[in-house]
Amino acid sequence: MPETGIREITFAEAVREALAEEMRRDSRVFIMGEDVAEAGTPFKVLSGLVEEFGTSRVVDTPISEAGFTGVGVGAAMTGLRPVVDIMFGDFITLTMDQMANQAAKVHYMSGGKWNVPMVMRTTLGAARRSAAQHSQSLHAWFSHIPGLKVVLPSTPYDAKGLLKSAIRDDNPVIFFEDKMSFKLKGPVPEAEYTIPLGVADVKRIGTDITLVGTSSMVQVALEAAVMLEQAGISAEVVDPRTTWPLDEHTLIESVKKTSRAIVIDEGYGRYGVAAEIAATIAEGAFHYLDGPVKRMGAMHVPIPFSPPLEDLTVPTGKTVFDTAMTLCGRS
Amino acid sequence: MPETGIREITFAEAVREALAEEMRRDSRVFIMGEDVAEAGTPFKVLSGLVEEFGTSRVVDTPISEAGFTGVGVGAAMTGLRPVVDIMFGDFITLTMDQMANQAAKVHYMSGGKWNVPMVMRTTLGAARRSAAQHSQSLHAWFSHIPGLKVVLPSTPYDAKGLLKSAIRDDNPVIFFEDKMSFKLKGPVPEAEYTIPLGVADVKRIGTDITLVGTSSMVQVALEAAVMLEQAGISAEVVDPRTTWPLDEHTLIESVKKTSRAIVIDEGYGRYGVAAEIAATIAEGAFHYLDGPVKRMGAMHVPIPFSPPLEDLTVPTGKTVFDTAMTLCGRS
Amino acid sequence: MTTVSDPTRTSAGVGVEKWLRMYRQMMAIRLFEENVNELYTRALMPGLAHLYIGEEAIAVGVCEALRHDDYVTSTHRGHGHCLAKGASPKLMFAELLGKEAGYCRGKGGSMHIADPATGNLGANAIVAGSVGIATGAALSAKTLKTGQVAVCFFGEGALGQGVLYECMNLAQLWKLPVIYVCENNMYTEYTHFSETTAGDIPSRAAAFGVRAETVDGQDVRAVHAVATDIADRARRGEGPAFLLCNTYRYRGHHVGDINREYYRSKKEEQQWLAESDPIKNFAEWLKSQKHADAGALSTIDSELRAEMDKAVKFAVAAPYPGADEVDQDVYA
Amino acid sequence: MTTVSDPTRTSAGVGVEKWLRMYRQMMAIRLFEENVNELYTRALMPGLAHLYIGEEAIAVGVCEALRHDDYVTSTHRGHGHCLAKGASPKLMFAELLGKEAGYCRGKGGSMHIADPATGNLGANAIVAGSVGIATGAALSAKTLKTGQVAVCFFGEGALGQGVLYECMNLAQLWKLPVIYVCENNMYTEYTHFSETTAGDIPSRAAAFGVRAETVDGQDVRAVHAVATDIADRARRGEGPAFLLCNTYRYRGHHVGDINREYYRSKKEEQQWLAESDPIKNFAEWLKSQKHADAGALSTIDSELRAEMDKAVKFAVAAPYPGADEVDQDVYA
Ligand SMILES: Cc1ncc(C[n+]2csc(CCOP(=O)(O)OP(=O)(O)O)c2C)c(N)n1
Ligand SMILES: Cc1ncc(C[n+]2csc(CCOP(=O)(O)OP(=O)(O)O)c2C)c(N)n1
Ligand SMILES: [Mg+2]
Ligand SMILES: [Mg+2]
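Residues numbered from 1 in each chain as written. Chains lettered and ligands numbered in written order. Predicted model: local features only at pLDDT ≥ 70, side-chain atom pairs only at ≥ 80, totals over all residues. Heavy atoms only, no water.

Enquirer: Help me understand the overall build of chain A in this model?
Expert: Of regular secondary structure, chain A possesses 11 helices and 14 strands. Taking 331 residues into account, the globule formula puts the C-alpha radius of gyration at 20 Å, and chain A, at 19 Å, falls close to it. Taking the principal axes of the C-alpha coordinates as reference, chain A spans close to 60 × 40 × 40 Å. In chain A, which comprises 331 residues, the proportion classed as buried is 74%. In the structure as shown, chain A presents an accessible area of about 8700 Å², 51% of it carried by carbon and sulfur atoms. Within chain A, the 41 negative side-chain charges are centred at a point lying 1 Å from the centre of the 31 positive side-chain charges. (Helix = DSSP H or I, 4+ residues; strand = E, 2+ residues; numbered from the N terminus. Rg over C-alpha atoms; globule rule 2.2 N^0.38 Å. Buried < 20%, exposed > 50% of the residue type's maximum accessible area, 1.4 Å probe, protein only. Areas by Shrake-Rupley, 256 points an atom, 1.4 Å probe, with all protein chains shown as cover. Lys, Arg positive; Asp, Glu negative; His and termini not counted. Charge placed at Lys NZ, Arg CZ, Asp CG, Glu CD.)

What follows is the structure in structure tokens.
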């Protein structure tokens, strides 16, 4: 975690800074996607990059997610280090063959001879009134596939350090950014740093219950922790930061200490990331648990457009607080 | 479960019979896919259907998995009941947008106005020396998506009864057939029957440990149960038959009785179907468990071609037996 | 195989009444969209909206060539298609505001309006996402011998998606009654189509044997004429068609896209507005042909304005769906 | 834009030595495949194999027009491409048997042979699965200014996959040095291509502005001539090309596909064998031109037979990978 007292920037700025630094450091790194150049993506995350690096390194593509992801795989095998931009996480549906059957398997199937050092940047998260096809958090799919790594940054600091590691990694890495976090501010040192993939971060220390939060749900867990504190319950918040590799040790040790755990992830609750993490904890900390590991995720419904309905589908500080209180026998 | 003493047919024949019966019953039902007509699929599961129903109801398509799956969605919305054939489960990667963003969401997004009564038939399972792109069991992806139903038959009897229900269901249903099960024989009554989606089946009654097996892993669990019996351990084998809807009640009740559980599924072990089922059991039977719920799945590696390596990647009767023995404190 | 439509055939067989209905429909779309913009500006509309202003001649020219029970699929820029196919502004506004009275009980929103009563299979927020659906509807029509046609509207951005070619191949092989209407408004979000589209657009369809036509998408008469031809042809079982309509969106990609100079010039915009407004030009023609005088047209405009006002009021006042709606209709 | 190759340009600038190398390469593929069939029949080979017999002129004609460091991607029917690009039969057989000495340590098998040393990016068991990869390799070549070309081999079945059109569009927009070689052997598994392919094949590429050529895939000289042209053109930065090669697979879809009469007649097969065998016809030409006499050719054949025998023996005797290999090389 960063020291306090340092410069604060937004999550979007942290992502942009990571990209710019890596592109300066390594001329093989380039970005490819829809409206990434002059427009800097609809979220403006990439604004300014094309001005520095030109259109041959910040490349606008047609609306061909499968095609340009495949091109990314081939370019990665042959000497470049592509960062493939998929505008909304919902559109990874179109890239699953390129990612799961090609990118993930090239290294293994070739007996270790070819590498695919590529990053896919995309988004997750609901609550923008964007309806069912622009609100999903589908990172569970990639987490399931051996050969891929999956990164879920939750703060500007993590976003920058993890993205730099992802770009330097020799494997296909998918980097999910929460759309609602782009404006989130946090301390990010000016000096260069990286964060290794596969190391969880304890975002808050506590003793009574472990709240495992991923991506957007880390802030939700932190909110709940504040509310719990007021109720006299000390919550530890652990952010795995990557679902694969997964830092099982940190998760299990935390729960061995607290004896209670809730796993909160914004993907659909069923057959999602929370299930794996919960099952891992339930197995690893079995003899320490005072109650079942609870899972919280998006409701098992397509995300509705209507604001009052959409707001019901995602865990909030309040619903996490309520679940924690029940788990602690306090309601 | 079927009575004994009745006619035995293979899994492939059971699938074919279900299709033929439903096509006779309802002229809106048709099959579409690659080499489904004269060839009857490479697995010959559909042999003979084109002769009875003609090429307008058993329709050969180009190699366009996304395209013809999408055509299936549209046809289902407008009065037909397509059965879309995806030759190998590995190729569902190409259909994820049509299935997850279209088929799964049409009903909800339209406020309940349009339905998608369509079935996708595809395969799962390794051990055919088909290497990494023809050996996957990717049912976890579909299980994760609200709006879809996922069926994993393990016996000829179940295959027939579940497929008939899937075809009659007004939702998109994905029906996974284990390639290695096509030749499996079992009793199937001649009289018409259906099996509701969402009802687990206890394939073997036992008292000491619950082995939850899906699809191909049901036979593996049954093998292990026989070995365990010889070691004096009575194993119950529960087959959920559908991952969504999921019959949580039957699973949890079984484990409440036995106090121990192993979940065995042929998908990749990480972030797979077994995690959800294990987490559900760990939560629902928390106070009854004598030990952690164990999960067994395919190794977290692309399936290798080389026979001795491939054989290591999938759970076997022996590895399930060993895990069960350990869980029962017997080794 | 790929032809540019003959402007002389634009008026054959269309009577005054139909011309005026087309005018009314185009103006209804224009006014609907201006109200959407207003609702957005007043922060009454959640999410985004993609306005169809400038492209009205396409939806209307095509849909007026269709039967009531013919199918359409639409896109994120879908309000025009829905209205042209017969949707009610009231229920559309309600949907746009996420209200229970909306076409989809508020669950779909601007990008997902669907309505079986008007053959609307749904707008789609995945670019090219409805190509398969429209093609499948055409398969149903052919199989069930209903005589229906399916029209798939999409922007030229969809030309980047492979599934379009997969489906055109299927449609031509099976001679399905489906019409692919490509609205080339020259931009995919913030990028000019020439940066993303190699070769020749109609040839892409013709290469699959699909009948390909090109038309001035600002001329409702031309659109209607060629749409009538290819719809009739499809209905006769002669197969699918691809219709390239050249057009321009007058506003931003979405309602919030205000500063557009980094991707297109004010001058370009003004030229389209001045020279190629589909409604203005059509009104001039109606008057020149003595089909209507200025007064008759302005009566239509006023009627529509009143209707839109009422519809907006209805939608604003309508209640949201109840919390228990959230997990209803996940499964049929 | 779409042309049929001119047979008169087939011999320009190719010397005897190269002609004989081409003969040797074609015969090597033929004999390799016959050994594969034999291994399968003797139940020594796990899984399936898809034989290239009958199509040798394409792989050889194209690869002989390439530099050693040019890239290729291949398919489930990939042995010919691997050999033509320079792979060693020994290491290929070892891979086919799942042995550690194989190109991929036995982990890939017949459908996934890859070899950086010969620019082989890998065979691919997903139809059209390597189109993106080849196009990406061309992007690297262009960006890194290496002068390399990437060749993507695929069967006509891949024409059904949308990703091919997505990538051709990208390649033409960016003028990438990639060549899409479509081997139309008339069948996708058990279905004649006319049942799955609407319109005109080379026009599908030409519509994207991609240079499209058609050639007799049984004539190695013709293939080589046009491949040389389009490879040179790509290397000069003039963009991608699509090469349609008409051919025939003499055997089943895979080694176990023995009874084929339900999808193609014995007569058709015999006619192709009798009239269009690429090796026999090329041998006749070599003799007619006095480039080689029957003795010289049969010396080549015998040398190759001996080499294949040795290679098979090596592979059969080689050990399987150890159990600890199973989870190695999942991540780099
Ligand atoms: C598969 C997919 N990729 C990207 C997007 C994001 N997106 C929404 S609209 C749009 C541009 C569409 O352009 P065009 O098809 O020309 O339609 P227009 O907006 O011009 O009407 C893009 C890229 C999307 N919705 N779906
Ligand atoms: C995406 C995908 N769909 C289906 C298959 C199954 N399959 C393997 S080979 C083949 C036929 C390929 O035909 P073609 O491309 O003409 O190549 P050929 O076998 O004739 O060389 C099919 C359908 C596959 N491997 N990948
Ligand atoms: Mg556009
Ligand atoms: Mg073929």
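Now that the structure is up, let's keep going.
Enquirer: Teacher, can you tell me more about the environment of Met118(B) here?
Expert: All names here are of chain B. Position of Met-118 among the secondary structure elements: in the loop between α4 (96-109) and β5 (119-124). Spatially, the C-alpha atoms of Met-118 and Val-173 are 6.4 Å apart, while their sequence positions differ by 55 residues. Not counting the four nearest positions on each side in its chain, Met-118 is found in contact with Thr-69, Gly-72, Val-73, Ala-76, Pro-82, Val-84, Met-99, Asn-171, Pro-172 and Val-173. (Contact = heavy atoms within 4.5 Å.)

Enquirer: Explain the coordination of the magnesium ion (ligand 4) here, please?
Expert: Reference values for coordination geometry: four tetrahedral donors around a metal ideally subtend 109.5 degrees, six octahedral donors ideally subtend 90 or 180 degrees. Residues and elements named next belong to chain D. Each protein donor to the magnesium ion (ligand 4) is listed here as Glu-156 (OE), Glu-156 (OE), Asn-185 (OD1) and Tyr-187 (O); together their distances run 2.1 to 2.8 Å. Each donor residue of the magnesium ion (ligand 4) belongs to the same chain, with the gaps between them written as E-x28-N-x1-Y. Taken together, the residues span a long stretch of sequence, with Glu-156 in the loop between β4 (150-155) and α6 (162-173) and Asn-185 in the loop between β5 (178-184) and β6 (187-188) at a distance of 29 residues. Comparing Glu-156 with Asn-185 shows no difference in burial state: the two are buried. (Donors = N, O, S within 2.8 Å, 3.2 Å for Na, K, Ca; no water.)

Enquirer: Just to check I follow, could you spell out the sheet that holds strand β2 (residues 29-33) of chain A for this structure?
Expert: Strands pair in a sheet through their backbones, by hydrogen bonds, and they do so in one of two ways: parallel or antiparallel. Residues and elements named next belong to chain A. Taken together, 7 strands build an open sheet; the order of strands is β3-β2-β4-β5-β7-β6-β12 and the sheet is mixed. Each of the sheet's edge strands pairs with one partner strand only, and the pair in question is β3 (58-60) and β12 (242-244). Direction aside, neighbouring strands of the sheet carry axes that sit 20° apart on average. Alignment of β2 against β3, held across 3 bridges, turns out to be parallel. Each bridged residue has a counterpart across the sheet, and for Met-32 the counterpart in β3 is Val-59. (Pairing = 2+ DSSP bridges. Axes fitted to C-alpha atoms, helices over the stretch in contact; angles between N-to-C directions.)

Enquirer: Explain the site of ligand 1 here, please?
Expert: The immediate surroundings of ligand 1 are formed by 22 residues, with Glu65(A), His76(C), Arg77(C), Ala125(C) and Asn185(C) found nearest. Among the chains of the assembly, those with residues near ligand 1 are chains A and C. With respect to ligand 1, the backbone of Val127(C) contributes an N or O atom lying 3.0 Å from a nitrogen atom. The contact in question runs from a nitrogen atom of ligand 1 to an N or O atom on the side chain of Glu189(C), over 3.3 Å. For the shell around ligand 1, the class distribution of residues is 9 nonpolar, 8 polar and 5 charged. (Near = heavy atom within 4 Å. Polar contact = N/O pair within 3.5 Å; in protein donor to acceptor, adjacent residues only side chain to side chain. Nonpolar A, V, L, I, M, F, W, Y, C, P; charged D, E, K, R; others polar.)

Enquirer: How do you make sense of the pairing of strand β14 (residues 294-298) of chain B when you look at a structure like this?
Expert: The two faces of the sheet receive side chains in turn, since in a regular strand these alternate between them. Residues and elements named next belong to chain B. Bridge analysis of strand β13 (residues 261-268) against β14 gives 4 bridges, and the strand direction is parallel. From the neighbouring strand, Ile-264 faces β14, where its bridge partner is Met-296. Handedness of the crossover joining β13 and β14 through helix α9 (residues 273-284): right-handed. (Right-handed = clockwise from strand over helix to strand, strands pointing away.)

Enquirer: Just checking my understanding: could you explain the coordination of the magnesium ion (ligand 3) for this structure?
Expert: All names here are of chain C. Distances from the magnesium ion (ligand 3) to its protein donors, Glu-156 (OE), Glu-156 (OE), Asn-185 (OD1) and Tyr-187 (O), fall at 2.1 to 2.7 Å. Note that the magnesium ion (ligand 3) binds 6 donor atoms; their angles at the metal cover 51 to 170°, and the shape is irregular. Counting along the primary sequence, the residues that act as donors to the magnesium ion (ligand 3) give the motif E-x28-N-x1-Y. Residue classification places Asn-185 among the buried positions, given a relative accessible area of 5%. Classification of Tyr-187 as buried rests on a relative accessible area of 4%. (Tetrahedral: all angles 85-135°; square planar, octahedral: opposite > 155°, others 65-115°.)

Enquirer: Honestly, helix α10 (residues 278-288) of chain D in this entry has me stumped. Any pointers?
Expert: An α-helical segment advances 3.6 residues per turn. Residues three or four places apart therefore align on the same side. All names here are of chain D. Considered for burial, the residues of α10 that qualify are Pro-278, Ile-279, Phe-282, Ala-283, Trp-285 and Leu-286. Buried positions in α10, seen along its axis, are confined to an arc of 160° and lie on one side of it. Residues of α10 that are buried in the fold lie against α1 (16-41), α2 (56-63), α8 (220-235), α9 (266-276) and α11 (294-317). Regarding α10, its N-cap is Asp-277, as a side-chain oxygen of that residue lies 3.0 Å from the backbone nitrogen of Ile-279 further along. Looking one or two places after α10, you find Lys-290, whose phi comes out positive at around 60°. (Arc of directions from axis to C-beta.)

Enquirer: Would you take a moment to explain the environment of Met111(D) for this structure?
Expert: Looking at the element boundaries, Met111(D) is found in the loop between α4 (89-96) and β3 (120-123). For the pair Met111(D) and Gly147(D), spaced 36 residues apart in the sequence, the C-alpha separation amounts to 28 Å.

Enquirer: What exactly am I supposed to notice about the relation of the copies chain B and chain A here?
Expert: Both copies of the chain are related by one operation, a rotation about an axis with a shift along it. Mapping chain B onto chain A calls for a screw motion: a turn of 180° about the axis and a shift of 0.0 Å along it, with 0.0 Å RMSD after fitting. Read as a symmetry element, the transformation amounts to a two-fold axis. (Least-squares fit on C-alpha atoms with pLDDT ≥ 70 in both.)

Enquirer: When you look at the pairing of strand β4 (residues 81-85) of chain A in this model, what are you seeing that I'm missing?
Expert: Residue and element names in this part refer to chain A. With 5 of its 5 residues buried, β4 lies for the most part within the structure. Along β4, one buried face is formed by Arg-81, Val-83 and Asp-85 and the opposite face, lined by Pro-82 and Val-84, is buried too. Two strands pair when backbone bridges link them, and β2 and β4 are joined in this way by 5 bridges, in the parallel orientation. Paired with Phe-30 across the two strands is Pro-82, which belongs to β4. As judged from the 3 bridges shared by β4 and strand β5 (residues 119-124), these two strands associate in the parallel manner. Note that in β5 the partner of Val-84 across the bridge is Met-120.

Enquirer: How do you make sense of the interface of chain D and chain B when you look at a structure like this?
Expert: It is common to give the size of an interface as the accessible area that goes away when the parts come together. Residue-level contacts link 35 residues of chain D with 33 residues of chain B. For the pair chain D and chain B, the summed buried area comes to about 2500 Å², and 66% of that belongs to carbon and sulfur atoms. The interface formed by chain D and chain B holds 0 salt bridges in total. Here chain D and chain B share 12 residue pairs in polar contact (both at pLDDT 80 or more) between them. Split by residue class, the side of chain D that touches chain B holds 15 nonpolar, 14 polar and 6 charged. (Buried area = accessible area lost by both parts, 1.4 Å probe. Salt bridge = Lys/Arg side-chain N within 4 Å of Asp/Glu carboxyl O.)

Enquirer: What's the story with the packing of aromatic side chains in this structure? I'm lost.
Expert: Each aromatic ring pair is characterised by the separation of its centres together with the angle its planes make. Residue and element names in this part refer to chain C. Tallying each qualifying case throughout the model produces 42 aromatic pairs over all chains. Considering the side-chain rings of Trp-19 and Phe-282, the 6.0 Å spacing of their centres and the 65° angle between planes classify their relative orientation as edge-to-face. Taken as a pair, Trp-19 in helix α1 (residues 16-41) and Phe-282 in helix α10 (residues 278-288) lie far apart in primary sequence, 263 residues in all. Considered together, Trp-19 and Phe-282 belong to a single accessibility category, that of buried residues. Seen in terms of ring centroids, Tyr-187 and Tyr-263 are 5.6 Å apart; in terms of plane orientation they differ by 65°. Their pairing is edge-to-face. In this pair, Tyr-187 sits in strand β5 (residues 187-188) while Tyr-263 sits in the loop between β8 (241-246) and α9 (266-276), placing the two residues 76 residues apart along the sequence. Residues Tyr-187 and Tyr-263 agree in their burial class; the two are buried. (Phe/Tyr/Trp six-rings, centres within 6.5 Å; stacked < 30°, edge-to-face > 60°.)

Enquirer: Help me out: how do you make sense of the site of ligand 2 in this one?
Expert: In the region of ligand 2, 22 residues are neighbours, and Glu65(B), His76(D), Arg77(D), Ala125(D) and Asn185(D) sit closest. This site is not confined to one chain, since residues near ligand 2 come from chains B and D. With respect to ligand 2, the backbone of Val127(D) contributes an N or O atom lying 3.1 Å from a nitrogen atom. At 2.8 Å, a side-chain N or O of Glu156(D) approaches an oxygen atom of ligand 2.

Enquirer: Honestly, the packing of α9(D) against α10(D) in this entry has me stumped. Any pointers?
Expert: Describing two packed helices takes the angle between their axes plus the distance from one axis to the other. Residue and element names in this part refer to chain D. Orientation of α9 relative to α10, taken along the N-to-C sense of each, is 20°, at an axis distance of 7 Å. The angle between α9 and α10 places the two elements in the roughly parallel class. Residue-level inspection shows Leu-273, Ala-274, Glu-275 and Ser-276 of α9 in contact with α10, the latter providing Pro-278, Lys-280 and Asn-281. Of the residues in the contact of α9 with α10, the class split is 3 nonpolar, 2 polar and 2 charged. (Parallel < 35°, antiparallel > 145°, perpendicular 65-115°, else oblique.)

Enquirer: Got a minute to help me understand the interface of chain B and chain A in this structure?
Expert: Listed per partner, the contact involves 55 residues of chain B and 55 residues of chain A. Surface buried jointly by chain B and chain A totals about 4900 Å² across both partners, of which 62% is contributed by carbon and sulfur atoms. The tally of links between chain B and chain A comes to 33 residue pairs in polar contact (both at pLDDT 80 or more). Where the side of chain B that touches chain A is concerned, the elements lending two or more residues are α4, α5 (139-143), β12 (242-244), β13, α9 and β14 of chain B. Of the residues in the side of chain B that touches chain A, the class split is 30 nonpolar, 15 polar and 10 charged.

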